[in-house]
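Structure at a glance
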Amino acid sequence: MGRTVELGATHEANDLVRLRLLDVDGTPLGTQPMSDRLVLDALRLMKLSRALDTFATKLQRMGQMGLYGPLHGQEASVVGSAFAVDPKRDWLVPAYREQPAWLHHGLSLERLFAQYMGRIVDARIPEGVNLLPRNQAVAAQLPHAVGLAWGLKLRKIRAAVLVYLGDGAASEGDFHESANFAGVLRVPLVMFVQNNAYAISTPLEKQTAGPSIASRARGYGFPGRLVDGNDLLAVYSATSEAVARALAGQGPTLVEAMTYRMGFHNTTDNPKAYRDDAEVAEAARRDPIIRVERYLTRAGAWDDARAREMELSIQQELENAYATASRFELPDPSEIFEHVYADPPERVRKQKEELEALRRKSSD
Ligand SMILES: Cc1ncc(C[n+]2csc(CCOP(=O)(O)OP(=O)(O)O)c2C)c(N)n1
């Protein structure tokens, strides 16, 4: 199996060996864990994700969509890990930057658009899709994921839980509590850290003084794996191993994928305020999509004509899904007060009354 200790633009992970199975120029290193057919499917989802980032950003700028967090640059990390779980068997617990993983796990593109367009009824995750809603409160998804994995274990259901978090989330108390319980209870959990080098404007060196996030797992009594997060094959391989451990009753694994957020944090952010263009240009040399295209070209499974055909079909798919989501009904504004509290506190009741008074006034 190809392994490398070469370091990227992120942190000095000098304690663990970082797995790489695909070189930047597309050369395979060692045994390949995915068939060309599977890699092609993954490439389509990576490309769809990249196109969705552009499409959604334009819609947000046009006032048609709310806040959107792109994953430009992190596609291998998200798609490689999502392909390693079985949507029919396993559970996926997202943060907020794993859109292609939600799709792969069974959420339709229409429903994904509906989420960002405030169409709350049609945004709901249907029964039978083993996916939790995205979680905007940093690290709050982690205790939920551990609870879910513990529940599966107690009910003797053979399934794994894949939970996503960022490098910033690893500094939260929820991370420690979740990792600690996951280890003690030996739950079937994969903690997948997308180390994209930034938590909004906070670079990794201000986030942690440790050699890596993966190395912390040992302190909780389970293994930590470090992978090149821009390498689809390495991410798929490491996550598959972690899922196999979970299914075999061997407990949790932490996988840290070292990647880079090439875009902005979300549509409210301007990354030029805290990082140089040169750094982004350097990261673009390790673009995860180009790497897969080079690999498939070598295998004789990819060329310009196939790329054009795929890009056209992706564009069509995005436009169709957006058109459908635009026809979904918008909720009544008073719905904003629902679905959080069974018994709303005084301040929430007051805000609801204010809204009702305003609406009565404007209809007079
Ligand atoms: C509990 C909490 N604190 C702060 C924020 C504001 N916030 C939103 S995203 C973010 C950075 C998270 O960084 P990271 O975990 O590395 O994930 P990334 O956004 O890079 O994917 C912060 C501080 C929040 N949403 N929730």
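Residues numbered from 1 in each chain as written. Predicted model: local features only at pLDDT ≥ 70, side-chain atom pairs only at ≥ 80, totals over all residues. Heavy atoms only, no water.

Quick look at the packing of helix α6 (residues 141–154) against helix α7 (residues 173–185)
Look at α6 against α7: their axes get within 8 Å of each other, and the N-to-C directions meet at 15 degrees. Taken together, the axes of α6 and α7 lie roughly parallel to each other. For the pair α6 and α7, the sense of crossing is left-handed. From α6, Leu142, Pro143, Val146, Trp150 and Lys153 reach across to α7, where they touch Asp174, Phe175, Ser178, Phe181, Ala182 and Leu185. For the contact of α6 with α7, the per-class residue count stands at eight nonpolar, one polar and two charged. (Axes fitted to C-alpha atoms, helices over the stretch in contact; angles between N-to-C directions. Helix = DSSP H or I, 4+ residues; strand = E, 2+ residues; numbered from the N terminus. Parallel < 35°, antiparallel > 145°, perpendicular 65-115°, else oblique. Left-handed = near helix turned anticlockwise from the far one by under 90°. Contact = heavy atoms within 4.5 Å. Nonpolar A, V, L, I, M, F, W, Y, C, P; charged D, E, K, R; others polar.)

So, the packing of aromatic side chains
The description of an aromatic ring pair uses the distance of the two centres, along with the angle that the planes make with each other. Following the criterion strictly, the structure yields nine aromatic pairs and no others. Ring geometry for Phe55 against Phe113: centres 5.8 Å apart, planes inclined by 65 degrees, an arrangement best described as edge-to-face. A residue pair is termed long-range when its members are at least 10 positions apart, and Phe55 in helix α1 (residues 36–61) and Phe113 in helix α4 (residues 109–116) qualify at 58 residues. Note on accessibility: Phe55 and Phe113 belong to one class, buried. Aromatic pair Tyr198 and Tyr260: ring centres 6.3 Å apart, planes at 80 degrees, arrangement edge-to-face. (Phe/Tyr/Trp six-rings, centres within 6.5 Å; stacked < 30°, edge-to-face > 60°. Buried < 20%, exposed > 50% of the residue type's maximum accessible area, 1.4 Å probe, protein only.)

As for the site of the ligand
Taken together, the neighbourhood of the ligand is formed by 14 residues, with Tyr96, Arg97, Gly168, Ala169 and Tyr198 sitting nearest. In this structure, Gly168 approaches the ligand through a main-chain N or O atom, which is 2.7 Å from an oxygen atom. Note that an oxygen atom of the ligand is positioned 2.8 Å from one of the backbone N or O atoms of Ala169. Here the ligand has 580 Å² of accessible area as a free molecule, and 68% of this is covered by the chains. (Near = heavy atom within 4 Å. Polar contact = N/O pair within 3.5 Å; in protein donor to acceptor, adjacent residues only side chain to side chain. Areas by Shrake-Rupley, 256 points an atom, 1.4 Å probe, with all protein chains shown as cover.)

A short note on the side chain of Lys47
Here Lys47 shows up in helix α1. Among the polar contacts listed, one links the side chain of Lys47 to the side chain of Glu293, at a separation of 3.0 Å. Apart from the residues lying within four places of it in its own chain, the contact partners of Lys47 are Ile289, Glu293, Trp302, Met310, Glu311 and Ile314.

Digging into the nonpolar core
Phe113, Leu232 and Leu296 are the most contacted members of the largest nonpolar core, which has 72 residues in total. Ignoring any residue separated from it by four or fewer positions in sequence, one finds Phe113 in contact with Leu52, Phe55, Leu59, Met65, Leu318, Ala321, Tyr322 and Ala325. The next biggest cluster of nonpolar side chains, apart from the first, holds 29 residues, and it includes Ala149, Val193, Ala214 and Leu254. (Core = buried A, V, L, I, M, F, W, Y, C linked by side-chain atoms within 4.5 Å.)

Quick notes on the confidence of the model for the protein chain
Mean pLDDT over the protein chain works out to 94, with 96% of the residues at or above the 70 mark. In the model, residues 1–13 has pLDDT below 50 throughout and makes 38 contacts with residues more than four positions away in sequence or in other chains. (pLDDT = per-residue confidence, 0-100.)

Re the environment of Leu45
By the element assignment, Leu45 lies in helix α1. The sequence separation of Leu45 and Ser201 amounts to 156 residues, and the corresponding C-alpha distance is 28 Å. Dropping the residues within four chain positions of it, Leu45 is found in contact with Val79, Phe83, Pro100, Leu103 and His104.

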